[in-house]
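Read off the chains here:
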Amino acid sequence: MKKIAKTILATTCVATLCCGVAAVAGCGGETVPEGEAYGLVHGAGYIGCATVSLDGDKITDVTLQEVCLPTYVVAGDSVPAADKVTVTVQDHGSDVEKTYYKSVSYGKVKLTYDAEKKDYVQGSKTFKELMGNEVSAMQYFKAVMENKVYVTVNGEKKNDVLNKKALSKDENGYWTRTDKDGNSYSRWKLNRDATVKYVKDNGVEKLLSLEKSTTQADDVKEDKKVTYWTDGTIVTGATWTDMNTEKEGSISYAQLIKNAYDTYNK
């Protein structure tokens, strides 16, 4: 995909967001990340955004963020029956009854929850099918980060439900655990930060060759043994499953970052 952010900035000359970080068009003189990529990650349950900035051939900055899909948030008892849909879905291998907002919208996208397809749909396409297109994934990601995703309740569009606080993994407490000292911490941020640091320090040359170590080591936060992703020489410090794992319908975090890097040369 071409340099998404640069294309938008050059053609509109307005303020925009690059993975949630404010950047101003060329008319403002500020620099946006050189490479940018979006896609379904972690079992196609989330939208990831990666940016890579370069100075010549040297990587100067890397970012990696994720937002949850609209089904991450359920509708409570106070939501009128006409504005929600209750359905039995698979959740971590078990059948669970959940209630979702019936109507979700952002930009020109208008979604309705389909109980048979067990997903939001626009026309004949499910939301996940829509997110298979990188531009569509970018539009949803930025709508979340700008608090411009709406649910409809009593005929009113509300943007305080599916907002950045609820859907961004940087803010919603996703994968919170307790460390060996009894303190809460974000396991997601720990892995994200380790992944980003590895790329900043070592580049992308071996990124798609990363493998889980064959031996276990002490976890940095918890009293347990874990296997870290390594390039054969350098241990990344990351343990998450989808660092460099191929899964149907989604891409790995390593591939997403590599895609962002590759856009620099397109």
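Residues numbered from 1 in each chain as written. Predicted model: local features only at pLDDT ≥ 70, side-chain atom pairs only at ≥ 80, totals over all residues. Heavy atoms only, no water.

With 8 of 11 residues buried, helix α6 (residues 253-263) lies mostly within the body of the structure. Of all the positions in α6, only Tyr253, Ala254, Leu256, Ile257, Lys258, Ala260, Tyr261 and Thr263 are classed as buried. Where α6 is buried, its residues meet β3 (35-41), β4 (46-55), β5 (58-68) and α5 (187-202). (Buried < 20%, exposed > 50% of the residue type's maximum accessible area, 1.4 Å probe, protein only. Helix = DSSP H or I, 4+ residues; strand = E, 2+ residues; numbered from the N terminus. Contact = heavy atoms within 4.5 Å.)

The strand order across the open sheet formed by 3 strands is β3-β4-β5, and the pairing between neighbours is antiparallel. The strands lining the two open edges of the sheet, one partner per strand, are β3 and β5. Recorded for the sheet is a direction-independent mean angle of 15 degrees between the axes of neighbouring strands. In terms of strand pairing, β4 meets β5 through 10 bridges, oriented antiparallel. Looking at β5, one finds that isoleucine 47 is bridged to valine 67. With respect to the sheet, α6 is in contact with β3, β4 and β5, its orientation differing from that of β3 by roughly 150 degrees. (Pairing = 2+ DSSP bridges. Axes fitted to C-alpha atoms, helices over the stretch in contact; angles between N-to-C directions.)

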